[in-house]
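Notes for the structure review
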Amino acid sequence: MEQPRIGVFVCDCGTNIAGSVDTEAVRAYAETLPDVVAAVRNRYTCADPGQQEIKRVIAAERLNRVVVASCSPRLHEPTFRNCVQEAGLNKYLFEMANIREHCSWVHVQDSEGGTRKAKDIVRAAVARARWLYPQDEEQLPVTDAALVIGGGVAGIQAALDLADAGHQVYLVEKEPSIGGIMAQLDKTYPTMDCSI
Amino acid sequence: MMDVGRHPNIKLMAYSEIQDVSGYVGNFQVTVRKKARYVVAEECTACGQCVAVCPVLHPDEFQIGLATRRAIYMPFPQAVPSAYLIDMNLCLGDNPIACGKCRQACDKKCIDFDMQDEIVQLNVGAVIVATGMDVYDPAPLDEYGYARFDNVITSMEFERLISAGGPTEGHLVRPSDLRRPKRIGFVQCVGSRTAHSSHNPGGSRGNPYCSNICCMNTVKDSLLLKDHHPDTDITVFYMDIRAFGKGFEDLFMRSRAEGVKYIRGLPGDVTCDPNTGDLTAYVENTTTGRLEAHAFDLLVLSVGVIPRLETELVRQLFTLSRTGDGFLMEAHPKLRPVDAPTKGVYIAGCAESPKDVKDSVTQASAAAARAEILLNSPVIRVEAITAVVNPDACKQCGRCAVVCPYSAIIWEKGAVAQVIRAACAGCGTCAAECTFEAITMRHFTDQQVYAQIDAILEEDPLERILCFACNWCSYAGADTAGTSRFQYPPNARLIRTMCSGRVKPDFVWYALQKGAPVVLVSGCHFADCHYISANRSTVRRVDALWEGLEKQGVRPERLQLDWCSAAEGQKWAKIMRELEVLRLAVTPDEAEFTRQSLTGKRVPTASQVWRLKEPRLATMHCMRCGKEWASVFDPAADQERMCPECRNNGVRVLLDGRQ
């Protein structure tokens, strides 16, 4: 494995993070971590200027791992994965440190404890980033045909929708006729009309 | 129905069954048995000459036995395909001495007694399971007398009796004397909303769930009756009328305005006058608090919905899951309600839960749209978080294949386990189960997790609570705590895994050795597990760890387990506060003792709790607040444990007499 060259991008998120966490201290701390070659602070990392900055530093410092310390990966991991990919890095070489939902927002009154926690979160993310590997997503072909099992009202509707959209449909029904339970009903609510 | 028969893109295979399935998302191979109809469906013009000469009579299933059909028959006049078939269990045969009349009568010569079942292979990318429902058989509810009295019928039988296509051409009569019933009673919740208990063994007297459709079906029936014969006297016995859907309340109000009487209370007994066939229902009217007797000509039991037997066969073929009530389980009850947990499989209609026509159609369209996302893409990409087996390290024990919720690992005795990448969802429970470190989870490797543990516990480990949180629920629950600004002590440090099932016992052991005062393993509630059942393995492993820690003299309470849904931000904050109290109780001496005690010891993987074969009385011990209570522990029950005091899900099962 090539020597990791990690860039850490600490986000202020306006005052969402910087309001209770000393982001400059976190950035300075990140710089001291093993294999970190650049640590940058941004006001809004997810915004265009923030992403441009990531791409610029990737090129300038020849980064091969990127850690963004900002919000939850459930929110912006796809954003930053795309960003590093556009800069030529495999998207699995990106790692996120959640210092907002898990830190600044839940320790609003405890700046000291929050800042210490944010440093820990970044340290763990950098430690993980050192062991990230590029991954290839497997691509599998798709057979453009569907099987619908059951020819009751649900199966009929699903088969018709798929067929109308141009897909080949196989509708398998156990009984000699489709229709299911619905065909046995006289009228159906709420329209009080015939079922067949 | 007709549209299906003539749509150029639909190949209709009626009278056919799924026999076998292989493959995976985007590439399923399905074997279908097309049963012999003995009538060439494509040639048959449904002229009916064959039926006219068939001498065999049999109760007509479509008319629920209220009429007869022949051995050669069409299920109902509007059947699709519109073709006859021969019921070979009834047919006398083609021998001219015995019969063979239909073959002689058929001008088109489309009757073929030599027809064989046909095996057809299909290649499909997506599958929609719409296997439907069945109706509850009310015979075990003897108080209603369904099996004893002719004039007690089910709501399905009523449908046939009032249908223009039914045996009486829509002229409603009662079975005993074929006279028009003028006093009709309906009994609701027959087979529904009945708890399973010692009085209801195996659910023979009904199921706990609401069947969803019966209230409105009765409201509809009452309006049809009033429409046909306004002088009909109608009484409905109910527990609650659930008229919750669009336009439902209007119909209910209309029914009441038409004079239909709604009485809150279900009959406790029904008697029949053998001379007249008239019925009397005895009921406690819970609104007036009086015992009442009501006379009827006809009593209709509004029967509930039950899962269909065939669904179970399909479920097993596609390794789908079912909920406790027997219906199919969705990938997620709120966010992925038509996806099955198996990729490429979607669920529609009553196979998923009891529902009416409108909801079935809605769900079917949703399932079709979901399937189309898949079918419209030339290729699918699989997120690179799947399991990889190292063949050199694999000891061929097969444990991984046993715990995989997706049957994505193929293993045979004496062979190296193989992962079907397309079927693997990346939960990692196989890697946690493997004691030979032969499975690597891409992007969630052991190495990465150990690096995180090391980093977290590098400085002042006693200050830090190590938490494993699953991506879908507990990590998201912690996010929700954040967005809700619920404040809690700042000592927790999270490690995200896709599933709590990824948490290898060694991780916990290592963290405690490294000085972690408290370790939390957290995941989804049982019903929410995003990997079908992978978090059941978590429970099993934590049970083993608790026993193993105790054996080494380490307080097992220092390992905490809890479930927290994505919505439970409040609960996450509460867990964090409670864990902080536990953390403060751990002294440097205790941590040092733990380090010495655990070093070099084998990490426990099996708990005595899970060796039980039968339910057993046990002491349940809350690992958070310490509450103890007696309960029967059933290893097969698949029930989430919860402390009645503090609602923590980390509850240890202490088998009585273990000391």
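Keep in mind the model is a prediction, meaning the values are calculated, not measured.

With that out of the way, let us pick up the overall build of chain A. Assigned secondary structure in chain A consists of six helices and nine strands. Taken over C-alpha atoms, the radius of gyration comes to 27 Å for chain A, far larger than the 16 Å a tight globule of 196 residues would show. For chain A, with 196 residues in total, the buried portion stands at 62%. For chain A, long-range pairs separated by at least 24 residues make up 67% of all intrachain contacts whose partners lie at least 6 apart in sequence. Surface exposure of chain A reaches about 7,200 Å², of which carbon and sulfur atoms provide 47%.

Following the criterion strictly, the structure yields 16 aromatic pairs over all chains and no others. Ring centres 5.7 Å apart and planes at 35° place the aromatic pair F80(A) and F94(A) in the tilted group. Taken together, the positions of F80(A) in helix α3 (residues 73-86) and F94(A) in strand β4 (residues 94-98) put the pair 14 residues apart, joining distant regions of the chain. Residue F80(A) shares its accessibility class with F94(A), and that shared class is buried. Aromatic side chains F28(B) and F318(B) sit 6.0 Å apart centroid to centroid with 70° between the ring planes, which places their arrangement in the edge-to-face category. A residue pair is termed long-range when its members are at least 10 positions apart, and F28(B) in strand β3 (residues 27-34) and F318(B) in the loop between α7 (309-317) and β20 (345-347) qualify at 290 residues. Residue class for F28(B) comes out buried when judged on its relative accessible area of 3%. An aromatic cluster of three or more residues is present, and its members are Y450(B), F468(B), F507(B) and Y510(B). For the cation-ring pair, R496(B) lies above Y475(B), with the distance from its terminal atom to the ring centre recorded as 5.8 Å.

This next bit is on the layout of surface pockets. The space that makes up the second largest pocket amounts to roughly 1,300 Å³. Taken together, 49 residues line the second largest pocket, and the ones lying closest to its centre are R336(B), K343(B), E383(B), W472(B) and Y531(B). Contributing elements (two or more residues each) for the lining of the second largest pocket: α3 of chain A together with β20, α8 (357-375) and β21 (379-382) of chain B. Tallying contributions element by element places α3(A) first for the lining of the second largest pocket, with five residues. For the lining of the second largest pocket, a count of residues per class yields 27 nonpolar, nine polar and 13 charged.

Where interface size is quoted, it is often the accessible area lost as the parts come together. Of the residues lining the interface, 83 residues belong to chain A; the matching set on chain B comes to 120 residues. For the pair chain A and chain B, the interface holds nine salt bridges. Between R464(B) and D120(A) there is a salt bridge whose closest N-O contact spans 2.3 Å. Our count for the chain A to chain B interface comes out at 59 residue pairs in polar contact (both at pLDDT 80 or more). Mapped by element, the contributors of at least two residues to the side of chain A that touches chain B are α3, α4 (100-104), α5 (111-129), β5 (138-141), β6 (145-149), α6 (153-164), β7 (168-172) and β8 (187-188) of chain A. Among the elements that make up the side of chain A that touches chain B, the one with the highest residue count is α6(A) (twelve residues). Here the residues of the side of chain A that touches chain B sort into 41 nonpolar, 21 polar and 21 charged. Of the strand pairs in this sheet, β6(A) and strand β9 (residues 126-129) of chain B are connected by four bridges, and their pairing is parallel. Looking at the pairing, A146(A) lines up with A126(B) of β9(B).

Bringing the pattern of salt bridges into the picture now. For side chains bearing opposite charge, pairing can occur when the charged atoms are close. Enumeration according to the criterion identifies 67 salt bridges over all chains in this entry. Salt-bridge contacts for E459(B) lead to R123(A); the nearest nitrogen and oxygen are separated by 3.6 Å. Of this pair, E459(B) sits in the loop between α11 (446-456) and β26 (465-470) while R123(A) is found in helix α5, placing the two residues in two different chains. The class for E459(B) is partly exposed, based on a relative accessible area of 37%. On the basis of relative accessible area, R123(A) is assigned to the buried category, the value being 4%. In this structure, R541(B) engages E433(B) in a salt bridge whose closest nitrogen and oxygen atoms are separated by 2.7 Å. Taken as a pair, R541(B) in helix α14 (residues 534-551) and E433(B) in helix α10 (residues 429-433) lie far apart in primary sequence, 108 residues in all. On the basis of relative accessibility, which here comes to 11%, the residue E433(B) falls in the buried class. In this structure, a network of salt bridges that share partners links the residues R174(B), D177(B), R179(B), R183(B), D278(B) and D297(B).

Cut-offs used in this document
- Residues numbered from 1 in each chain as written.
- Chains lettered and ligands numbered in written order.
- Predicted model: local features only at pLDDT ≥ 70, side-chain atom pairs only at ≥ 80, totals over all residues.
- Heavy atoms only, no water.
- Helix = DSSP H or I, 4+ residues; strand = E, 2+ residues; numbered from the N terminus.
- Rg over C-alpha atoms; globule rule 2.2 N^0.38 Å.
- Buried < 20%, exposed > 50% of the residue type's maximum accessible area, 1.4 Å probe, protein only.
- Contact = heavy atoms within 4.5 Å.
- Areas by Shrake-Rupley, 256 points an atom, 1.4 Å probe, with all protein chains shown as cover.
- Phe/Tyr/Trp six-rings, centres within 6.5 Å; stacked < 30°, edge-to-face > 60°.
- Lys NZ or Arg CZ within 6 Å of the ring centre and 35° of its normal.
- 1 Å grid on protein atoms, 1.4 Å probe; cavity = no way out; pocket = protein on both sides within 12 Å on 5 of 7 lines; lining within 4 Å.
- Points joined across faces, edges and corners; volume = space filled by probe spheres on them.
- Nonpolar A, V, L, I, M, F, W, Y, C, P; charged D, E, K, R; others polar.
- Salt bridge = Lys/Arg side-chain N within 4 Å of Asp/Glu carboxyl O.
- Polar contact = N/O pair within 3.5 Å; in protein donor to acceptor, adjacent residues only side chain to side chain.
- Pairing = 2+ DSSP bridges.

These figures capture arrangement, not role.
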